[in-house]
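# A structural walkthrough
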Amino acid sequence: MNIILFGPPGAGKGTQAQYIVKNYNFFQISTGDLLRNATKNKSELAAKIEKITSKGEFVSDEIVNELIEKSISKLIFKKPIIFDGYPRNMSQVNHLEIILNNFNQKISFVIFLNVSREIIEKRILGRMTCSKCNLTLNEYSNSKEIETHPCGKEFLIKRRDDDKGVAISRYDIYMEKTKPVLDFYSTKEGFHEIDGSLKIDQITNKIDDILRV
C-alpha cells in the first residue's frame, strides 16, 4: 500500500507524513527533503538546485525524477512508501507509474490537503523547524510548544525560502502546476480531499479513517 500526499507548501504535509510513517510503518519520500539533502553536497547540481529554490521556483523534472527513482530503488519491498510533494505534474505522474509498474507496485491512496492561499501565507511566515529533531512548529499557533521545546528553542530556525514573496509565488505555482495532476487522480479510486485548514489532530483523524478502511 503506497500513498501520495498532496498539498501546497505549508499545508502540513510533512507533519501528517511523519504521523503516517510512525503509526503505519511507512517510508517517507519527500521531494523537499531530497532536494535539501542534495544541496548539502558542494557540487554543481547543489548550486543549481539552491539557486532555483531560492527564487520560489521548482527544479526540473529530470533532476527530481532522478532523485525519486534512486530513493524508490533503495526502499521498494521493504515498507510501503508515502510520497510527499511528488508527483507535481503529469510528466512526473507518468514517470512514477512506470517505476512502480517495474516493481509490480501501485498507489493505493491519494490524499489532498486543500488549504487557501491566505492560510498558507500565515503558516509559512511563522514556520520554524528544529535543526536537531526536524520538528516543525509555528510561532503564531505553537507559542507554548516553542517555549518548552525539548531540544531548546535556539534550535528552531526558519528556512531561507520562508518569506512572503516566495511563499505566495510557491503557492500559486504549485496550484497551477498540480491542478492537472489532482484532476487526474480525483477520477481514480482511493482519492480523498481533506480540508487542510482544520487542526492537526482533526486532519490526522480523517487520515486514520481513510487508512483503516
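A brief report on the enclosed structure follows.

Reading the values: rules and limits
- The residue count restarts for each chain, going from 1 along the sequence in the order it is written.
- Residues qualify for local features only when their pLDDT is at least 70, as the model is predicted, and side-chain atom pairs are given and counted only at 80 or more; totals for whole chains, interfaces and linings, by contrast, use all residues.
- Heavy atoms from the whole structure form the basis of all side-chain values; hydrogens and water molecules are not counted.
- Helix and strand definitions follow DSSP, with helices as H or I runs of at least four residues and strands as E runs of at least two, each counted in order from the N terminus.
- Taken over C-alpha atoms, the radius of gyration is set against a globule rule of 2.2 Å times the number of residues to the power 0.38.
- Each residue is placed in one exposure class: buried if its accessible area under a 1.4 Å probe, protein chains only, is under 20% of its type's maximum, exposed if it is over 50%, and partly exposed if it falls in between.
- Contacts are assigned to residue pairs that have any heavy atoms within 4.5 Å of one another.
- Only four residue types enter the tally: Lys and Arg on the positive side, Asp and Glu on the negative side, with His and both chain ends excluded.
- In plain terms, the charge of a residue is placed at NZ if it is Lys, CZ if Arg, CG if Asp and CD if Glu.
- By convention in these notes, a salt bridge is any Lys or Arg side-chain nitrogen within 4 Å of a carboxyl oxygen on Asp or Glu.

### Overview of the overall build of the chain
- Helix and strand counts for the chain stand at nine helices and eight strands.
- Against the globule reference of 17 Å for 213 residues, the chain gives a C-alpha radius of gyration of 17 Å, in line with a compact fold.
- Looking at the chain as a whole, 42% of its 213 residues qualify as buried.
- Summarising the internal contacts of the chain: among those between residues at least 6 apart in sequence, 72% fall at separations of at least 24.
- Distance between charge centroids for the chain: 4 Å, based on 32 positive and 28 negative side chains.

### Considerations on the pattern of salt bridges
- This structure, assessed with the given rule, holds seven salt bridges.
- The shortest N-O distance in the salt bridge between glutamate 147 and lysine 153 comes to 3.1 Å.
- Judged by relative accessible area, which is 43%, lysine 153 ranks as partly exposed.
- For aspartate 183, the salt bridge identified is with lysine 179, shortest N-O distance 2.9 Å. With aspartate 183 and lysine 179 both in helix H8 (residues 164-185) and four residues apart, the pair spans about one turn of that helix.
- Its relative accessible area of 47% is what places lysine 179 among the partly exposed residues.

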